[in-house]
Amino acid sequence: MCGICGVVGRRHATPIVFEGLRRLEYRGYDSAGIATLVDGRVERRRAAGKLDNLAALLKKSPLPGTTGIGHTRWATHGAPTACNAHPHGTERVAIVHNGIIENFETLRRELEAAGQVFETETDSETIALLVDYHLQQGLEPKEAALRALRRLEGAYAVAMIFAGHEGLMIGACHSAPLAVGFGDDEMFLGSDSLALAPLTRRIAYMEDGDCVVITPKSAEFMNFDGAPVERTIQLTALAAGSIGKDGYRHYMEKELHEHPLVIGQTLQRMVDPASRRVILPELPFDLAEVPRAVITACGSAFFAGMIGRYWLEEIARLPVDIDVASEMRYRNPPLTAGSLGLLISQSGETADTLAALRSLREKAIHIASVLNVEHSTMARESDVVLGTVAGPEISVASTKAFTAQLTVLACLTIATARARGKLDTLAEEHLVSALLDLPSRAAEVFNQTDAIRAMAQVVVEARDVLYLGRGSMFPVAMEGALKLKEISYIHAEAYAAGEMKHGPISLIDRTVPIVATVPSNALFEKTLSNLQEAKARGGRLLVFTDTKGAERVSAIAEQMVVLPHVHDFVAPILQTIPVQMLAYEVAVLKGTDVDQPRNLAKSVTVE
Ligand code: M6R
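Residues numbered from 1 in each chain as written. Predicted model: local features only at pLDDT ≥ 70, side-chain atom pairs only at ≥ 80, totals over all residues. Heavy atoms only, no water.

1. A closer look at the nonpolar core
1) Next: Ranked by internal contacts, the top residues of the largest apolar core, which has 95 residues, are Leu435, Tyr467 and Leu582.
2) Next: In terms of residue count, helix α19 (residues 571–590) provides more of this core than any other element does, 11 residues in total.
3) Next: Counting contributing residues per domain, this core is built from domain 2 (251–436) and domain 3 (447–607), each supplying no fewer than three.
4) Next: Filtering out sequence-adjacent residues up to four positions away, Tyr467 remains in contact with Ala477, Gly480, Ala481, Leu484, Ala492, Glu493, Ala494, Tyr495, Val515, Val579 and Leu582.
5) Next: Within the second largest apolar cluster, 30 residues are counted, among which are Phe118, Ala145, Leu146 and Tyr156. (Core = buried A, V, L, I, M, F, W, Y, C linked by side-chain atoms within 4.5 Å. Buried < 20%, exposed > 50% of the residue type's maximum accessible area, 1.4 Å probe, protein only. Helix = DSSP H or I, 4+ residues; strand = E, 2+ residues; numbered from the N terminus. Domains from an automatic or database assignment. Contact = heavy atoms within 4.5 Å.)

2. As for the environment of Leu340
1) Next: Looking at where Leu340 falls in the secondary structure, it is placed in strand β19 (residues 340–345).
2) Next: Residue Leu340 is classed as buried on the basis of its relative accessible area, which comes to 1%.
3) Next: Considered as a pair, Leu340 and Arg41 are 299 residues apart in the sequence and their alpha carbons are 54 Å apart.

3. Observations concerning helix α8 (residues 259–270)
1) Next: The end-to-end C-alpha distance of α8 is 17 Å, a good match for the 16 Å that 12 residues give at a rise of 1.5 Å each.
2) Next: Buried within α8 are the following residues: His259, Pro260, Val262, Ile263, Gly264, Thr266, Leu267 and Met270. (Expected span 1.5 Å × (residues − 1).)

4. A short note on empty space enclosed by the protein
1) Next: In the structure shown here, the tally under the stated rule is two cavities of 30 Å³ or more.
2) Next: If you trace the largest cavity, you find it lined by Met1, Cys2, Arg73, Trp74, Thr76, His86, His97, Asn98, Gly99, Asp123, Ser124 and Val606.
3) Next: At three residues, strand β6 (residues 93–101) tops the list of elements feeding residues into the lining of the largest cavity.
4) Next: Looking at the lining of the largest cavity, its residues break down into four nonpolar, six polar and two charged.
5) Next: Computed from the structure, the second largest cavity encloses a volume of approximately 40 Å³.
6) Next: Along the walls of the second largest cavity sit Arg470, Met473, Thr517, Val518, Pro519, Asn521, Leu523 and Thr527, which together make up its complete lining. (1 Å grid on protein atoms, 1.4 Å probe; cavity = no way out; pocket = protein on both sides within 12 Å on 5 of 7 lines; lining within 4 Å. Points joined across faces, edges and corners; volume = space filled by probe spheres on them. Nonpolar A, V, L, I, M, F, W, Y, C, P; charged D, E, K, R; others polar.)

5. Some remarks on the site of the ligand
1) Next: With respect to spatial proximity, 14 residues lie near the ligand, and among them Ser345, Gln346, Ser347, Thr350 and Glu486 are the closest.
2) Next: Gln346 places a main-chain nitrogen or oxygen 2.6 Å from an oxygen atom of the ligand.
3) Next: Surface burial for the ligand is 91%, taken as the share of its 410 Å² of free accessible area covered by protein chains.
4) Next: Mapping the ligand onto the cavity grids shows that it belongs to the second largest pocket.
5) Next: Residue classes in the shell around the ligand are distributed as five nonpolar, seven polar and two charged.
6) Next: Mapping the shell around the ligand onto the domain boundaries places at least three of its residues in each of domain 2 (251–436) and domain 3 (447–607). (Near = heavy atom within 4 Å. Polar contact = N/O pair within 3.5 Å; in protein donor to acceptor, adjacent residues only side chain to side chain. Areas by Shrake-Rupley, 256 points an atom, 1.4 Å probe, with all protein chains shown as cover. Sits in = over half its atoms within 2 Å of the grid points.)

On their own, these measurements won't tell you what the molecule is for.
Written out as structure tokens, the structure is:
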């Protein structure tokens, strides 16, 4: 959740680290700080709030030096104050940390008994004072770091610098990502390759239990016992320019406009347009043999999984269990060995989803993960990765990753249905054609921007909003409600439209708008009846439909957005786009911090 960036080399470290933090700010943004070595001394600058506050502090009080580490924080232990901001340290060492040290209370008691004095409420300071303790005992930095690392429990990525040791930085990780960037006479550490994108394309991804000792010319990888390990340098495809806003007001707006592109790119990887067949990466198990599927994920990725369930059950006739990962990991459901475990995650680092993955593995479930970040922890721990080709998603609110996940799940459904003998060649061609048509239809959604903005004018006045949908449109409604809550702070709840009369109908009046997704599918009439019931009670109906449904919807809706008519199979992918756009437009009207909404972080690497 936090971002780490570090450099040792020949250039002024602070601007390099600061720019890295800018790229990582999406991971956490409640406070930030940088430490460098100035004439061999550890110097730190830290500020509460966004990075701009740190920039102002650095302007007043510059930080020279060529060895530096920085951090952008999402608070877990201790309020987001300057004092609790990283780097933590003493006159001997400074550290930055991402994750949680689970045994910090025990360590803290021991260290206090040994005379160490804590200044913060964080778990992270324990690492600094533990390393410092070993330095005071006369150990060299590498030995002091390894000694400390062996005592840590929990999930962590950490970077350290040491007084009197210019050009030395030590990194380590366990269940949290950390990457080493190789430059020319300079080396870097970063929480992900995004941080390092403008600095180098040559990156080595660290693995659980790795420690690395870095100098401007070398990186020595080892385990926590100091035994050497080999890590290969890979060339990352990320270009510095691929992470700008490209003239859009927010990353979210840019990423919304990338929906057609990412759907197309993801299809390119999974579909042969000539034969109109789905070609999945080679699977280490047989889709024809899996008795059931278990889907788990968090947040928006979970809603993508819910749509996947509708598809797998209806088209592939495969029974599916689904639960949010934070429940799945503790629920201990009876599962059949050899089932298909489907984990869905943009980041591939979400702590609950990762824990669910591990618990499924213990039950001999085949692990297939739908992931956007190629070099993530989940990617390493899966039997097969079904990659979404969405590119970096910076806005905390997930948009394009969601439709890319759906695109992968749609392809997986087709492949599963074929393997299970539920889909003949003609039917597969038909579904694949619908998918291939999607990028163009998705581009047409943006013709509706004015209609969506008009809807936003109604929603922005509301305190509560109800979202309704039936069948695969129910998760679309859930996605719309989550997005609205997340970035505009307006309370929204989604219901399966048929459930409305079992309770939420009592909420309906002129002040609670109803947003419904109602394309002209088999459930069109049923959903329309539910909307009639709401209207009869004074409800204001804001409806997303398609060209086929427009006439009927216009008779009852106060406002509607008309999308191109597409095959039922792909309709949830298309309908998601305007629902996300509505949340965006409402947030813009409210003037909230669209890309970095309060209290949130992009990848939730704590439980
Ligand atoms: O990286 P992941 O896909 O695993 O993240 C899961 C959720 O945290 C994420 O979808 C979250 O709900 C988004 N902020 C929603 O916009």
